[in-house]
Amino acid sequence: MWSTWLLPLTLLSSGRIPVEKVELQQNSANGTRELRDVDISIEEILLLNRHFVDYLVAVDDQTIQGSSDRQCAIALRQLAAAYLERQQVGLEWFDSWGKIPSGMYHENGNALGNVDQCRGIQQTRMQHCTFIGAFPSSMAPLFSGLCIPHSCSPNFVQQLYGDYLNSQGGMVIPMFEQELLCIRDEEVRYNGAMITAIVFSSIIGLCVLSSTLYEFVVLGMKHDVNPLYSSFSLLGNVRSILHLVPRVKSSQQKSSMIECAHGIRSLSMIWIIVLHVHDMSNTIPWENNPERVQYLRGFWASLLHYSGMLAVDTFLVLSGMLVAMSMLRELDKKGKINPLMLYLHRYIRITAPLAALILFVVSFAVYMGEGVFWKVNFDFLKSGCLENWWAALLHIQNYVDPQNMCLPWTWYLSVDMQLYIIAPALIYPLWRYGKRVLIVIAALAVLSMACVLTTFLINEFRLSFFAPVIDIRRYTLTYYATHARMAVWLWGLGFGYILHRTRETGVNLPKRYWIAGWVACFTLLGLIIFSNYQFHTTNVDDFSHVIDAFYEPLSRSVFSLCVMWIILACVNGKGGLLDDFLGASIWQPLSRLSFTMYLLHILLLVMASVAPAKTSAYFSVIDTFYRIWGAIGLTTSVTLLWSAIFEVPFGTLDRLLLRS
């Protein structure tokens, strides 16, 4: 999954650091720290930060090298003395520190303190830093928030606090650069990315403003609107996104429109958001993390979370199906296709909103808020994009550097674009030589499945998120790679050919076959969901890795076949109430927004739920659903504007300037 990049933070927040019951000892030979067996009581941890005040009072600043570090030590000693003398500044200073929380044996090591109180101290300029400490016991690692003068170097204070913890039998874990865990007043850095973003956003903003005013004035004068001049108009673009097309009634139009695809695409996008809300819960500092883990082991969490990983396969099925249908129509009409122009149109459509998002992440995003883990999250996103933005824009990052992708969840765009590039090589023979080519397509799909099977068997990969060892290579080899994900897309491609060939006659089957198909479809879907539940609730030592190896490719293909059956039944008037539900016009706006929703939803989740956290949270199921509905609403609202500004305008310009 995309969140594997946050694995270190996930392990810390869940208390899964492999620290044995040992005592730290300074190694005189190389200056590193070693561990020996010992136990530390909760009483010693309880007064840990209070005794650090005494430690600061006793610090000899004359032994510290560097004038800035010496000034920091003096400032800290003065604050510590002010606390001991019960001066107001000292009391506020220490009061903003993180206090040892209840439940450290219950995986609650979140002593983050009060960030706003620290930053609000009037007498001196402060910064809030979080230090990660571990102790030789079964207690959770400690996230200790301290308030330090703004002039202090975070690395120096980390060294100071680390020396203190070492004297108490603990240690500071340098999991991240310490500066990334400090909240301080930041000046905007006008580097190349920031200047480019300012210029680009100014130009786009001017286009949007002028285009919107143009359409507003022209409509007010009751004149015809020139689509070129109104291409960036918010008025027209939002209207086109929210426009509802009435349902068709004729069977031929029904086969061409595939109305149920709107509902399937929309529900799949919602399912992906639900999946990632659950996924993100791994990185939130919970006070009661065991309750969250217990919930994730339940059946309903399995349905919403683990099974949600199949929702991406729905997009691959729909992509293969729609690509085949559109290219086959073009071939029927003209007898030929221009692959280069097809690639250019596709590239413009999916790259324009992606490029704008990348530019936002490397420039404005880090200044949009603050939180204990704000910099950690955005430093990762920013560094990946600064290194591999070109691979993302060329849609090859799933092979170039899959463990350091720019916006990791956009691996799907690379897969989709690469599959689109090979589509003409498969669809043209289909059109020219007919159904015999379906054998070749099926063989390629089976080879893709065999590749995943073999990779799982060789590396003994496991599917369970609760496996003792989480091998990130599983995702780079079998989740992000196009050759490993193409089977589902190929099934969709062949299915699109069948729909195209039967668009006029339909598929005429006896009633008993339709009934048998529906029974088989729901039985297989139920089996897949139940199997996912079993995989994540059963100890991995109780069954062989061979089962994981066969299940991974088979479950995705079987799920895609179920999706195709639903579409086939709905197109041929055998969907009943399900067809009425999936084909309802209300799904159309959400379906049009699904691409930009996929692009933005994780970034919005990070900005709204994970990164701005300044205190620990209490997990509950109702809070999880509250976060889900909030994520759906926020994503839909923001992507409506994003699509109207970056997706629809460039699609309009592509249609007017290139297609003509």
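Sequence positions are assigned chain by chain, starting from 1 and proceeding in written order. Totals for whole chains, interfaces and linings use every residue, but because this is a predicted model, local features are given only for residues with pLDDT of at least 70 and side-chain atom pairs only at 80 or more, for both listing and counting. To obtain the side-chain values, all non-hydrogen atoms of the structure were included, while hydrogens and water were left out.

1. Looking at the environment of G494
Keep this limit in mind: Secondary structure counts use DSSP, requiring at least four H or I residues in a row for a helix and at least two E residues in a row for a strand, with both numbered from the N terminus. Accessible area is worked out with a 1.4 Å probe on protein chains only. A residue is then buried under 20% of its type maximum, exposed over 50%, and partly exposed in between.
With respect to the helices and strands, the residue G494 is situated in helix α21 (residues 482-501). Residue classification places G494 among the buried positions, given a relative accessible area of 9%. Once the C-alpha coordinates of G494 and A442 are considered, the two residues, 52 residues apart in sequence, prove to be 8.1 Å apart.

2. A few points about the state of the cysteines
What counts here: The definition used for a disulfide is geometric: two cysteine sulfur atoms within 2.5 Å.
Counting across every chain of the model gives 4 disulfides. Put simply, C72 and C152 are joined by a disulfide, and their sulfur atoms are 1.9 Å apart. Looking down the S-S bond of the C72 and C152 bridge, the torsion is 105°, so its handedness is right-handed. Highlighted residues: C72 in helix α4 (residues 67-84) and C152 in the loop between β5 (142-149) and α7 (154-167), separated in sequence by 80 residues. The same class applies to C72 as to C152, namely buried. For C562, which is in no disulfide, the shortest distance to another cysteine sulfur is to C521 and amounts to 4.2 Å. Classification of C562 as buried rests on a relative accessible area of 3%.

3. A short note on the UniProt feature "domain: Nose resistant-to-fluoxetine protein N-terminal" (unreviewed entry) in the chain
Quick note on the threshold: UniProt positions are given in the numbering used here, feature names are shortened, and annotations may be inferred rather than shown by experiment.
Annotation from UniProt places "domain: Nose resistant-to-fluoxetine protein N-terminal" (unreviewed entry) at residues 69-179. When the span residues 69-179 is considered, its composition is 39% helix and 19% strand, and the gap between its end C-alpha atoms is 15 Å.

4. Quick word on the pairing of β5
Inclusion rule: Strand pairing is assigned whenever DSSP detects at least two bridges linking the two strands.
For β5, a buried count of 8 out of 8 residues is recorded, marking the element as mostly surrounded by other parts of the structure. Sheet analysis places strand β3 (residues 110-111) next to β5, joined by 2 bridges and oriented parallel. Paired with A111 across the bridge in β5 is S144.

5. Digging into empty space enclosed by the protein
Space left empty within the atom packing is revealed by a probe, the size of a water molecule, rolled over the atoms. Convention followed: Both site types are read off a 1 Å grid over the protein atoms alone. A 1.4 Å probe that fits but cannot get out defines a cavity, while an open set with protein on both sides within 12 Å along at least five of seven lines defines a pocket; lining residues have an atom within 4 Å of a point. Grid points are joined across faces, edges and corners, and a volume is the space filled by probe spheres set on the points. Each residue is assigned to one of three groups, with Ala, Val, Leu, Ile, Met, Phe, Trp, Tyr, Cys and Pro labelled nonpolar, Asp, Glu, Lys and Arg labelled charged, and all others, Gly among them, labelled polar.
Throughout the structure, instances matching the rule amount to 7 cavities of 30 Å³ or more. One number sums up the size of the largest cavity: a volume of about 150 Å³. Around the largest cavity, the lining comprises 13 residues; the ones closest to its centre are Y306, M309, N532, E552 and R556. Among the elements that make up the lining of the largest cavity, the one with the highest residue count is helix α23 (residues 545-571) (4 residues). The computed volume of the second largest cavity comes to approximately 90 Å³. Those elements giving two or more residues to the lining of the second largest cavity turn out to be α19 (437-459), α21 and α23. Class assignment for the residues of the lining of the second largest cavity results in 6 nonpolar, 2 polar and 4 charged.

6. Re the environment of S151
Within the secondary structure layout, S151 lies in the loop between β5 and α7. Taking relative accessible area as the criterion, S151 reaches 60% and is therefore assigned exposed. Expressed as a C-alpha distance, the spacing of S151 and C207, which sit 56 residues apart in the sequence, is 43 Å.

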